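Coordinates in review
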Amino acid sequence: MSADAVIRMPDENKGVTLRGKPMVFLVTGKDTKHTSMFDWTIPAGFATGRHVHRVQEETFYVLEGECEWQVRDKTIRATPGTYLFIPPGVPHNITNVSDKPARVLMTVSPPGHEHYFEELAKLAAQGAPDPKALADLRARYDTDQLSTLTMRG
């Protein structure tokens with residue numbers, strides 16, 4: 001038996017809002033057993049904090065804006081067309097260093113990280129997330145936080 005094709009039209013916004021910007025879920029664990037994919041608009045000044053995944057691998061492709069990735073000890077100034085692959089066990093951080101939103105296509109394998117973003121959106125909707133609640137959330141979703149998530153504005 002084969003799975004159904006997943007087609008998302010531009011006016012379909014399946015996903016969440018993080019810091020007032022959309023994260024569109026393009027494909028999730030509901031659709032596939034191999035990867036999830038997101039169209040993420042990263043707010044100006046947002047930083048994930050340095051973290052590492054034990055199992056997950058991530059890819060990022062910058063569509064718009066400018067971000068800075070720290071990957072191990074290397075800093076990458078990512079502009080449109082920049083592609084990054086982050087395997088498990090590699091510490092990294094993503095920061096939108098500009099005063100405008102940035103937009104990236106992101107994949108996470110295996111799928112399921114959409115549930116992390118759903119829970120994060122609920123925490124963030126209440127204001128700055130409680131550090132313990134955020135740490136607990138990340139620990140449940142294959143993320144060891146090495147430095148603090150930061151947000152401007």
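Residues numbered from 1 in each chain as written. Predicted model: local features only at pLDDT ≥ 70, side-chain atom pairs only at ≥ 80, totals over all residues. Heavy atoms only, no water.

**Digging into the packing of aromatic side chains**
In this structure the tally under the stated criterion is 7 aromatic pairs. With a centroid separation of 6.4 Å and 45° between ring planes, the pair formed by Trp40 and Phe117 is classed as tilted. Of the two residues, Trp40 is situated in strand β3 (residues 36-42) and Phe117 in helix α1 (residues 113-125); the sequence distance between them amounts to 77 residues. Assigned by exposure class, Trp40 and Phe117 land together as buried. Arranged with centres 5.2 Å apart and planes meeting at 70°, the rings of Tyr116 and Phe117 form a pair that is edge-to-face. Phe117 matches Tyr116 in its accessibility class, with the two residues each being buried. (Phe/Tyr/Trp six-rings, centres within 6.5 Å; stacked < 30°, edge-to-face > 60°. Helix = DSSP H or I, 4+ residues; strand = E, 2+ residues; numbered from the N terminus. Buried < 20%, exposed > 50% of the residue type's maximum accessible area, 1.4 Å probe, protein only.)

**Thoughts on the environment of Val90**
Within the secondary structure, Val90 is located in the loop between β8 (83-86) and β9 (92-96). Take Val90: its relative accessible area is 6%, and that puts it in the buried class. Expressed as a C-alpha distance, the spacing of Val90 and Val71, which sit 19 residues apart in the sequence, is 7.0 Å. With residues near it in sequence (within four places) discarded, Val90 still touches His51, Val52, Val71 and Arg72. (Contact = heavy atoms within 4.5 Å.)

**Quick look at the pattern of salt bridges**
Counted by the stated rule, this structure contains 9 salt bridges. Residues Asp31 and Arg8 are paired through a salt bridge, measuring 3.8 Å at the closest nitrogen-oxygen approach. With Asp31 in the loop between β2 (21-27) and β3 and Arg8 in the segment before β1 (15-18), the pair connects residues that are 23 residues apart, well separated along the chain. A cluster of three or more residues bridged by salt bridges with shared partners is formed by Asp39, Glu64 and Arg103. (Salt bridge = Lys/Arg side-chain N within 4 Å of Asp/Glu carboxyl O.)

**Remarks on the sheet that holds strand β5 (residues 57-64)**
Taking strand neighbours across the sheet as the criterion, the 6 strands line up as β1-β2-β3-β10-β5-β8 in an open arrangement whose pairing is antiparallel. Pairing within the sheet leaves two strands with one partner each, and these edge strands are β1 and β8. Sheet twist, expressed as the average angle between the axes of neighbouring strands with direction ignored, equals 20°. Pairing analysis gives 7 bridges linking β5 to strand β10 (residues 102-109), with the strands arranged antiparallel. Looking across to β10, one finds that Glu57 is bridged to Ser109. α1 rests against β1, β2, β3 and β10 of the sheet, and its axis sits at about 45° to β1. (Pairing = 2+ DSSP bridges. Axes fitted to C-alpha atoms, helices over the stretch in contact; angles between N-to-C directions.)

Shape descriptors only; they carry no functional weight alone.
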